[in-house]
Structures are given as structure tokens and as C-alpha cells.
Amino acid sequence: MHPDIEKMWLETDVLIIDETLMINAQTFDLLHLIACEIKQCYDELFGGIKVIACGDFFQLPPIKEEFVFKSKIWQQYMTQVLVLTECFRQKEDAQFFGALNEIRFGQVSDQTIDYFMTRCFEKDKNLNNKYTRILFRNMEVDIYNNKKRKSIKHEGYWFYGKDVIKNPNIQCSFQISAAVYLKIGAIVMLVRNINVKEGLCNSVVGTVILIENDAVWSI
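Values in this document were obtained by computation on a predicted structure and should not be read as measured data.

Got a minute to help me understand the nonpolar core in this structure?
General note: in soluble globular proteins, nonpolar side chains tend to be found buried as a group. Core analysis: the largest hydrophobic core is formed by 14 residues, its most contacted members being Trp9, Phe28, Leu45, Phe46, Val51 and Met78. When contributions to this core are tallied by element, the ones reaching two or more residues are helix H2 (25-39) and helix H3 (72-77). For this core, the element with the highest residue contribution is H2, accounting for three residues. If sequence neighbours within four positions are ignored, Val51 has contacts with Leu15, Ile17, Leu45, Phe46 and Met78.

I would appreciate a short explanation of the sheet that holds strand S7 (residues 216-218) in the present structure.
Two pairing modes exist for strands in a sheet, parallel and antiparallel, and in both the strands are linked by backbone hydrogen bonds. Spatial strand order, S5-S6-S7: three strands in an open sheet with antiparallel pairing. The open sheet is flanked by strand S5 (187-189) and S7, the only strands paired with a single partner. Across the sheet, the mean angle separating the axes of adjacent strands is 55° when strand polarity is ignored. Relative to S7, strand S6 (residues 205-211) runs antiparallel, the two sharing three bridges.

Any chance you could explain a nonpolar patch on the surface here in plain terms?
Taken together, the side chains of Ile103, Val108, Ile113 and Met117 define a hydrophobic patch exposed on the protein surface, amounting to about 350 Å² of accessible area. Take Ile103: it is sitting in helix H4 (residues 94-105). Its relative accessible area of 44% is what places Ile103 among the partly exposed residues.

Mind showing me how you'd approach the packing of aromatic side chains here?
Centre distance and the angle of the planes are the two values used to describe a pair of aromatic rings. Tallied over the entire structure, the rule returns 11 aromatic pairs. A centroid spacing of 5.1 Å and a plane angle of 10° characterise the contact between Phe67 and Phe69, whose relative ring orientation is stacked. Both rings, one in Trp158 and one in Tyr160, keep their centres 6.2 Å apart while their planes meet at 20°; by these two values the pair is stacked. Judged by its relative accessible area of 59%, Tyr160 is exposed. Chaining the aromatic ring pairs together yields one cluster made of Phe28, Phe46, Phe57, Phe67, Phe69 and Trp74. For Arg104, the ring lying beneath its charged end belongs to Phe105, and the centroid distance is 5.1 Å.

Where do I start with the pattern of salt bridges in this structure?
Close approach of charged atoms allows side chains with opposite charge to pair. Applying the stated criterion across every chain yields a total of three salt bridges. Note that Lys7 is salt-bridged to Glu11, the shortest N-O span being 2.7 Å. Taken as a pair, Lys7 and Glu11 lie in helix H1 (residues 3-11) at a separation of four residues, close to a single helical turn. Glu11 sits in the exposed class, given a relative accessible area of 52%. Across the salt bridge formed by Asp56 and Arg104, the nearest N and O atoms sit 2.7 Å from each other. Here Asp56, found in the loop between strand S2 (50-53) and H3, pairs with Arg104, found in helix H4; they are 48 residues apart in sequence, far enough to count as distant. Since its relative accessible area comes to 34%, Arg104 is described here as partly exposed.

How should the packing of H4 against helix H5 (residues 110-117) be read in this particular structure?
Two numbers describe a pair of packed helices, the interaxial angle and the distance between the axes. At a closest axis distance of 10 Å, the pairing of H4 and H5 adopts a crossing angle of 120°. As summarised for this structure, H4 and H5 are arranged oblique, according to the angle between their axes. Crossing angle aside, the handedness with which H4 passes H5 is left-handed. Contact residues: Gln95, Phe96, Ala99, Leu100, Glu102 and Ile103 in H4; Thr112, Tyr115 and Phe116 in H5. Split by residue class, the contact of H4 with H5 holds six nonpolar, two polar and one charged.

Definitions and cut-offs
Every chain's residues receive numbers from 1 upward, in the order its sequence appears when written. A pLDDT threshold of at least 70 governs which residues receive local features in this predicted model, and a stricter bar of 80 or more applies before side-chain atom pairs are shown or counted, although totals over entire chains, interfaces and linings include all residues. Side-chain metrics rest on all non-hydrogen atoms present in the structure, leaving aside hydrogens and water. Buried residues of nine kinds, namely Ala, Val, Leu, Ile, Met, Phe, Trp, Tyr and Cys, make up a nonpolar core once their side-chain atoms join them within 4.5 Å. Categorising residues by exposure relies on relative accessible area from a 1.4 Å probe, with only protein chains included: less than 20% of the type maximum marks a residue as buried, more than 50% marks it as exposed, and the intermediate range marks it as partly exposed. Secondary structure elements follow DSSP: runs of H or I no shorter than four residues count as helices, runs of E no shorter than two count as strands, and numbering proceeds from the N terminus. The contact criterion used throughout is that any non-hydrogen atoms of two residues lie within 4.5 Å. At least two DSSP bridges between two strands are needed for those strands to be called paired. Only the contacting stretch of a helix is used when fitting its axis, a line to C-alpha atoms as for every element, and angles between N-to-C directions run 0 to 180 degrees. Patches here are clusters of residues that have more than 30% relative accessible area and form no salt bridge, with a 9 Å joining cutoff for like charges and a 5 Å cutoff for nonpolar side chains (Val, Leu, Ile, Met, Phe, Trp, Tyr). Methods summary: accessible areas were calculated by the Shrake-Rupley approach with a probe of 1.4 Å, and residue burial reflects only the protein chains presented. Criterion for a salt bridge: a side-chain nitrogen of Lys or Arg within 4 Å of a carboxyl oxygen of Asp or Glu. Aromatic rings from Phe, Tyr and Trp, taking only the six-membered ring of Trp, are treated as a pair when their centres fall within 6.5 Å; an angle between ring planes under 30 degrees marks them as stacked, one over 60 as edge-to-face, and anything in between as tilted. When the NZ atom of lysine or the CZ atom of arginine is within 6 Å of a ring's centre and also within 35 degrees of its normal, the charge is said to sit over that ring. What sets the label is the angle itself: under 35 degrees gives roughly parallel, over 145 gives roughly antiparallel, 65 to 115 gives roughly perpendicular, and the rest give oblique. Handedness of each helix crossing follows the sense of rotation of the near helix against the far helix: counterclockwise by less than a right angle gives left-handed, clockwise gives right-handed. For this scheme, ten residues count as nonpolar: Ala, Val, Leu, Ile, Met, Phe, Trp, Tyr, Cys and Pro. Four count as charged, namely Asp, Glu, Lys and Arg, and the remainder, Gly too, count as polar.

Here's what the structure looks like:
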């Protein structure tokens, strides 16, 4: 093992695993064995590291093998369960929240089907502009965004990324474009949390109302 990685394991007191459902039982057991070997402690979970696992097992199963909770190590040590019940993202729409929960449990009522059919549109023009369109490929997304930008009569502005790659072994292939072309009136979306308390969190949608040299304002 690389010395830097081993050092990280040795200095870790609490390990938080997000989206735990993506880890299968075999991988969890293997990580436990690695941690025990590095810590030289074989009678505690992960060699004495406290593990906090977060995730929703009603979502997709791991790509291969069994769910992580089928692991014997998981069943032996992961005994304290905390269920989060308060919804933040859809809390203002009780009907939508209830419908999503029915889908989550796989028990969809006729009322929920009828409710979702009211939101089924064959033509894009019938949808609110702020509704997020989900397409299959990045190329389709680019074509759609370019089409919408061309329909806006305002002047466009380019914004260029200022990324610095310190490790030459990292490939310059990122999901976020190196340059963004914006116009006043364009619909934009945040792709990371900036200030959750102020509502500036991942997936929030807004409309560009002002463009300056080094800033974009939206509501």
C-alpha cells in the first residue's frame, strides 16, 4: 500500500460512507479486513474506526453481488440505525412527496398514476421554462441548451474556467465545460452547494437577470 494512503487509514477516527447502497457485501468485508490489518486490531469494526453509513436501500442495488447488509461483518457490527423522516426538497408539496414515497416503496396507487399523468406533456412548449429537462446523452443536452440560448434575443457572454491541474497524471476530462455561454433570460442550475442556509444548493434553478464582467446574477 502507498505510504500516504496507509497514513490516511491510520489517522482516520471516523469514516463516513455516503450512498452505501452502491457498496456490495464483499467489498464491505474486504474494506474491513484492510482496515483491521493496517490498524493491527482484529476484534473491532474497521480496526476501531467508527463507521457512519448513509444511504437508501430502496434505491438501486449494487452493480454486482449482494446488498451490503448481507455482509456478516455488517450484521455483526452495524446495529445502530437512524431513520431520517423529514423531507427538505419536496416539503412544500405534500402530494408530490406522497407520490414519490409510493414509488419508493413500490406501492403506486391509481390516484398517484393519475396525478403524474397530469404532468405528462408531449410537446416541450407546454412545460414551464424552469422545469428541468432530463435527456439521455450529453450531446443531446448541448443541442437543447444551444437551441434555447439562440431563441433569447439578448447579447451573449462567454465565461471561461480558471482551473489549475497540479497533477500531470490527471486526465483533462471533466463533466463541467471549460467555457460557458450565457445570456440574460437564460435558465441556469447550480451543480454544487454554495450556501445551503440561503438556498444556494445543488440543483437549484434560476433565471439570469444581470451579467457583469466577473459575475452572473439570477433569481
